[in-house]
Amino acid sequence: MLIKLENALIEAGYLRGLANEDHTESVVFKLTKLGLFYICLLDDTGANVDKRETFTRERLKEMGDRIAEKYPQYVRDTFGLLVVLTPDSSASRQKLEEDVPFWIVDSHKKKLMIYDDQPGTFLDARTVIEGRLTTVPWKNLLKQMKILLSPVNIGLILACIVIFIFQKIFGSGEGIGTLEQYGAMHSSTFFEKNEYWTAFTHIFLHGSFQHLFLNMVTQLYVGKPLEVLMGKIRFVLTYLLSGVGAGLISLALYIHEGENVYSVGASGAISGLCGALLCILFLNRHRLQKVPYLRYLIFLGIVVTNGINTPGVNWMAHASGAVLGMILALLLYGIPKLKKQADVPLDTEGMGQA
């Protein structure tokens with residue numbers, strides 16, 4: 001139950017602070033204009049009951065001080081609260097010093113207990129904890145599935161799959177003729193026939209099943225954490241603008257080199273997602289823990305350089321898409337966050353697991 005309450009608070013905007021090895025004790029916190037608000041979650045159930053020592057106010061203060069040391073420029077004051085998960089409230093209370101501010105969570109009844117001499121509110125923690133304790137299991141499952149699936153990212157993937165099936169069933173044969181029929185981008189169609197809309201449609205077309213499969217697997221991997229970080233609207237804008245921009249840049253570069261190349265596929269858009277994700281992870285490097293930066297960096301390098309020496313692969317769209325994704329991440333995410341920090345000391349928007 002401790003992990004469930006911890007996750008609920010993190011979903012509500014708290015940041016993960018400290019935790020012991022067996023995760024029977026953890027701390028989450030928020031930074032506000034008033035100062036640092038931190039909550040220590042203490043599991044006093046099962047085998048932990050006999051191991052637990054007296055919890056002092058000094059121990060609670062020490063936890064807050066350890067977090068405050070990381071953000072000295074933001075912390076004006078510290079406010080701590082102990083939340084004890086226990087099946088026996090009386091026994092757990094005997095292990096607390098009188099001046100420790102605490103709440104009790106009855107692990108059997110799944111009920112939050114707040115005594116008259118204890119704080120009745122602590123930011124939004126009471127609402128969050130009571131909400132998680134009373135959540136109907138199947139509703140919580142649906143919520144977790146929604147987070148897992150990242151609906152906008154899945155929708156874009158399904159759009160590419162449906163269009164690929166459609167072009168195979170109703171297209172006029174194999175090859176570039178069918179792709180051009182459905183909106184592939186080429187210098188002749190773009191400039192001579194003024195088919196400017198192909199800068200958009202080419203993103204959702206793929207030349208083969210292998211092309212589609214590799215792109216969609218990559219998008220599934222990077223799209224979910226990025227959608228959680230950026231939000232749905234900014235995620236879609238990053239995807240589309242990276243795809244359109246990468247297509248136009250690669251078209252211009254190929255024309256400059258005297259080559260006639262058809263552009264199809266979501267590679268430019270997906271490279272934009274990779275670049276944006278790496279940029280945002282870097283911007284949040286001080287508040288995210290155990291992020292596999294090297295893995296994402298290597299992955300981005302593979303995506304960008306894929307096909308440099310392979311005929312028929314528009315690697316210029318890969319590279320330009322990654323650069324555009326980083327720029328869009330700064331414009332749509334980085335700059336708004338910096339402006340927000342002028343009023344709020346630290347961004348507390350939750351990330352989700354990649």
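Going by the structure above, here's the rest.
All values derive from a computational prediction rather than experimental measurement.

So what exactly am I meant to see when it comes to the overall build of the chain here?
Secondary structure summary: the chain contains 15 helices and six strands in total. Every one of the 354 residues in the chain was classed for burial, and the buried ones make up 46%. Counting only contacts in the chain whose residues sit at least 6 apart along the sequence, the fraction spanning at least 24 positions is 64%. Summed over its atoms, the accessible surface of the chain is roughly 18400 Å², and 61% of this surface lies on carbon and sulfur atoms.

Is there a simple way to explain the packing of helix 12 (residues 232-256) against helix 13 (residues 267-283) in this structure?
What describes two packed helices is the angle between their axes and the distance between those same axes. Here helix 12 crosses helix 13 at 125°, and the two axes come no closer than 7 Å. With respect to their mutual orientation, helix 12 and helix 13 come out oblique. The two elements helix 12 and helix 13 cross, and the hand of that crossing is right-handed. Taking contact as the criterion, the partners of Phe-235, Thr-238, Tyr-239, Ser-242, Gly-243 and Ala-246 in helix 12 are, on helix 13, Gly-268, Ala-269, Gly-272, Leu-273 and Ala-276. Residue classes in the contact of helix 12 with helix 13 are distributed as six nonpolar, five polar and no charged.

Is there a simple way to explain the pairing of strand 2 (residues 25-31) in this structure?
Most of strand 2 sits inside the fold, with seven of its seven residues counted as buried. Of the two faces of strand 2, the one lined by Glu-25, Val-27, Phe-29 and Leu-31 and the one lined by Ser-26, Val-28 and Lys-30 are each fully buried. In this structure, strand 1 (residues 15-19) lies alongside strand 2, joined through three bridges in antiparallel fashion. Residue Arg-16 lies in a different strand from strand 2, and its bridge partner there is Val-28. In this antiparallel pair of consecutive strands, strand 1 and strand 2, the connection spans five residues, and His-23 shows a positive phi of 55°. By the bridge criterion, seven bridges tie strand 2 to strand 3 (residues 36-43) in an arrangement that is antiparallel.

What's the story with the environment of Arg-57 in this structure? I'm lost.
One can find Arg-57 in helix 3 (residues 57-68). For the pair Arg-57 and Glu-97, spaced 40 residues apart in sequence, the C-alpha to C-alpha distance is 6.9 Å. Setting aside its immediate chain neighbours within four residues, Arg-57 contacts Glu-97, Asp-99, Val-100 and Pro-101. Separated by 2.3 Å, the side chain of Arg-57 and the backbone oxygen of Asp-99 make a polar contact.

What am I meant to see in the sheet that holds strand 3 here?
What holds strands together in a sheet is hydrogen bonding between their backbones, with the strands either parallel or antiparallel. Spatially, the six strands line up as an open sheet ordered 1-2-3-4-5-6, and their pairing is mixed. Each of the sheet's edge strands pairs with one partner strand only, and the pair in question is strand 1 and strand 6 (111-113). Across the sheet, the mean angle from the axis of one strand to that of its neighbour is 25°, orientation sign disregarded. Sheet topology places strand 4 (residues 78-86) next to strand 5 (residues 102-106); five bridges connect them, and they run parallel. Following the sheet pairing, Leu-82 is matched in strand 5 by Phe-102. Contacts between helix 3 and the sheet are confined to strand 1, strand 2, strand 3 and strand 4, with strand 3 contributing the most and set at about 130° to the helix.

How do you make sense of helix 5 (residues 125-133) when you look at a structure like this?
Residues lying three or four places apart along an α-helix face the same way, a consequence of the helix completing one turn every 3.6 residues. Of all the positions in helix 5, only Ala-125, Val-128, Ile-129, Arg-132 and Leu-133 are classed as buried. What you see down the axis of helix 5 is that its buried residues fit within an arc of 130°, all on one side.

How should the pairing of strand 5 be read in this particular structure?
The side chains of a regular strand alternate, first on one face of the sheet and then on the other. The buried count for strand 5 comes to five of five residues, which makes it a mostly enclosed element. With burial as the criterion, each face of strand 5 is covered, one bearing Phe-102, Ile-104 and Asp-106 and the other bearing Trp-103 and Val-105. The sheet contact formed by strand 5 and strand 6 spans three bridges and is antiparallel. Paired with Asp-106 across the bridge in strand 6 is Lys-111. A loop of four residues connects strand 5 with strand 6, the two strands running antiparallel in sequence, and Lys-110 in this loop sits at a positive phi of about 50°.

Please clarify how the pattern of salt bridges should be interpreted in this entry.
Side chains that carry opposite charge are capable of pairing whenever their charged atoms lie near each other. Considering all chains together, one arrives at seven salt bridges under this definition. Salt-bridge contacts for Arg-16 lead to Glu-6; the nearest nitrogen and oxygen are separated by 3.8 Å. With Arg-16 in strand 1 and Glu-6 in helix 1 (residues 2-11), this pair connects stretches of sequence that are 10 residues apart. Arg-16 gets classed as partly exposed once you look at its relative accessible area, which sits at 33%. One salt bridge connects Arg-132 with Glu-11, and the closest N-O pair in it is separated by 3.3 Å. Of this pair, Arg-132 sits in helix 5 while Glu-11 is found in helix 1, placing the two residues 121 residues apart along the sequence. In this structure Arg-132 comes out as buried when scored by relative accessible area, which is 15%.

How do you make sense of a nonpolar patch on the surface when you look at a structure like this?
Taken together, the side chains of Leu-158, Ile-161, Ile-165, Phe-166, Ile-169 and Phe-170 define a hydrophobic patch exposed on the protein surface, amounting to about 570 Å² of accessible area. As for its placement among the helices and strands, Phe-166 is situated in helix 7 (residues 151-170).

In this structure, what is going on with the nonpolar core? I would like to understand it.
Note that soluble globular proteins tend to have their nonpolar side chains buried in a common cluster. Within the largest apolar cluster, 31 residues are counted, with the highest numbers of intra-cluster contacts made by Met-216, Leu-226, Tyr-239, Leu-277 and Ile-280. Residue assignment for this core shows that the elements contributing at least two residues are helix 7, helix 11 (209-230), helix 12, helix 13, helix 14 (293-305) and helix 15 (315-340). Not counting residues within four places of it along the chain, the set of residues in contact with Leu-226 comprises Gly-231, Phe-235, Leu-273, Ala-276, Leu-277 and Ile-280. With 22 residues, the next largest nonpolar core counts Cys-40, Tyr-71, Val-84 and Phe-102 among its residues.

Thresholds, definitions, all that
- Residues numbered from 1 in each chain as written.
- Predicted model: local features only at pLDDT ≥ 70, side-chain atom pairs only at ≥ 80, totals over all residues.
- Heavy atoms only, no water.
- Helix = DSSP H or I, 4+ residues; strand = E, 2+ residues; numbered from the N terminus.
- Buried < 20%, exposed > 50% of the residue type's maximum accessible area, 1.4 Å probe, protein only.
- Contact = heavy atoms within 4.5 Å.
- Areas by Shrake-Rupley, 256 points an atom, 1.4 Å probe, with all protein chains shown as cover.
- Axes fitted to C-alpha atoms, helices over the stretch in contact; angles between N-to-C directions.
- Parallel < 35°, antiparallel > 145°, perpendicular 65-115°, else oblique.
- Left-handed = near helix turned anticlockwise from the far one by under 90°.
- Nonpolar A, V, L, I, M, F, W, Y, C, P; charged D, E, K, R; others polar.
- Pairing = 2+ DSSP bridges.
- Polar contact = N/O pair within 3.5 Å; in protein donor to acceptor, adjacent residues only side chain to side chain.
- Arc of directions from axis to C-beta.
- Salt bridge = Lys/Arg side-chain N within 4 Å of Asp/Glu carboxyl O.
- Patch = residues over 30% accessible without salt bridge, like charges linked within 9 Å, V, L, I, M, F, W, Y side chains within 5 Å.
- Core = buried A, V, L, I, M, F, W, Y, C linked by side-chain atoms within 4.5 Å.

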